[in-house]
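Summary of the model geometry
Below, each chain spelled out in residue letters.
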Amino acid sequence: MSEQVSIQWFPGHMAKTRRLIKESLPLVDCVAEIIDARIPKSSRNPELDALCSSKPRIVLLNKIDLADPAITERWVEYIRKSGAMPLAVDCKSGRGLNKFLPLVKELLKDKIEQNARRGMSGKKIRVMVAGIPNCGKSTFINRMAGSKKLKAEDRPGVTRGTQWIDLGSGIEMMDTPGMLWPKFEDPTVGENLAFCGSVKDDVIDIELLARRLLETIAKTYPDFLRARYKLNGELPEEGAELLALVGRKRGMLISGGEVDTERASAVVLDEFRSGKIGRISLEKPDMTESGQ
Ligand code: GDP
């Protein structure tokens, strides 16, 4: 196996975002955690379990349009067994989102009944969205909000500036999502996030990343690579060889007939991230913590 992509994370904002989440939690009844269905382990925040222990949780497996449907199903079961409420969604097209409000109501059933018994059936259930960068928080909020108006928080003593979106069905959502950080100390996590485009490409070695991605896909979804890049027979194990093959097939050559590996790398990464290579999941539920 070749060297691993290493990514430098700058956790300068960690303390601040942790504090913001802690301040917001008392204002809400449940948390909707958004993760990337292609990398459900790598896209989770390591501290959210501890931070939100008191609040019921919906885990939104987002970007299912890009993930392997059979593996997404297994993740749904895995998350359900772990005690959270899973929902597989594609926030880009809106698929699955119609189940969100019914799920919140089911999750908060006891609270809603309690409110009714106390004569407060008009009291809204409040939800906060949280997730690491690029998981789809804004896309989710925009989709759910549609053209609904924001309502400024006017209760005294509550964090200024908090706005609530009335989603109907007695549910309100905080308009600003909780920004979380990933498990940046784990190199496998960093690599998975980089594959999925959740790390700025200017801080990584694109060619190394593309080689690593090709090695991974050649092991797990070789037929997708064969079909997309018209490759036949056994695929080489080495990422560099795979990249050269792809570059040649696409005619990405520089003078002297050498493959333009930089261009080929950009193409491979772009085609993976946009789902053109296929619906690929990089993590399965039975993998160990490091994703191996
Ligand atoms: P945030 O940083 O968590 O707010 O993430 P964004 O909402 O900005 O989304 C990051 C990127 O993922 C954007 O390019 C979105 O268009 C894309 N995205 C979000 N949800 C989905 C999805 O379900 N499917 C696909 N294919 N792309 C998505």
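Residues numbered from 1 in each chain as written. Predicted model: local features only at pLDDT ≥ 70, side-chain atom pairs only at ≥ 80, totals over all residues. Heavy atoms only, no water.

Notes on the environment of Asn134
By the secondary structure assignment, Asn134 is in the loop between β4 (125–131) and α6 (137–145). Residue classification places Asn134 among the partly exposed positions, given a relative accessible area of 41%. Spatially, the C-alpha atoms of Asn134 and Cys196 are 9.3 Å apart, while their sequence positions differ by 62 residues. A polar contact of 3.3 Å, which involves the side chain of Asn134, links it to the side chain of Ser198. (Helix = DSSP H or I, 4+ residues; strand = E, 2+ residues; numbered from the N terminus. Buried < 20%, exposed > 50% of the residue type's maximum accessible area, 1.4 Å probe, protein only. Polar contact = N/O pair within 3.5 Å; in protein donor to acceptor, adjacent residues only side chain to side chain.)

Topic: the pairing of strand β7 (residues 171–174)
Side chains Ile171 and Met173 of β7 all project onto a buried face; the interleaved residues Glu172 and Met174 project onto the opposite face, where all are buried too. Across three bridges, the pairing between β4 and β7 is parallel. The residue of β7 that forms the bridge with Val127 is Met173. Bridge count between strand β6 (residues 163–168) and β7: four bridges; the pairing is antiparallel. Its bridge partner being in β7, Asp166 is matched across the sheet by Glu172. (Pairing = 2+ DSSP bridges.)

Section: the packing of helix α7 (residues 187–195) against helix α8 (residues 206–220)
Direction vectors running N to C along α7 and α8 enclose 95°, while the axes themselves pass 10 Å from each other. With respect to their mutual orientation, α7 and α8 come out roughly perpendicular. Residue-level contacts link Glu191, Ala194 and Phe195 of α7 to Leu209, Arg212, Leu213 and Thr216 of α8. Per-class residue counts for the contact of α7 with α8 are four nonpolar, one polar and two charged. (Axes fitted to C-alpha atoms, helices over the stretch in contact; angles between N-to-C directions. Parallel < 35°, antiparallel > 145°, perpendicular 65-115°, else oblique. Contact = heavy atoms within 4.5 Å. Nonpolar A, V, L, I, M, F, W, Y, C, P; charged D, E, K, R; others polar.)

A word on the site of the ligand
For the ligand, the set of nearby residues contains 15 residues, the closest of which are Asp65, Asn134, Lys137, Ser138 and Thr139. Residue Lys63 places a side-chain N or O atom 3.0 Å away from an oxygen atom belonging to the ligand. Within the backbone of Lys137, an N or O atom sits 2.8 Å from an oxygen atom of the ligand. For the shell around the ligand, the leading source of residues is α6, giving three residues. (Near = heavy atom within 4 Å.)

No statement about biological role is implied by the geometric values presented.
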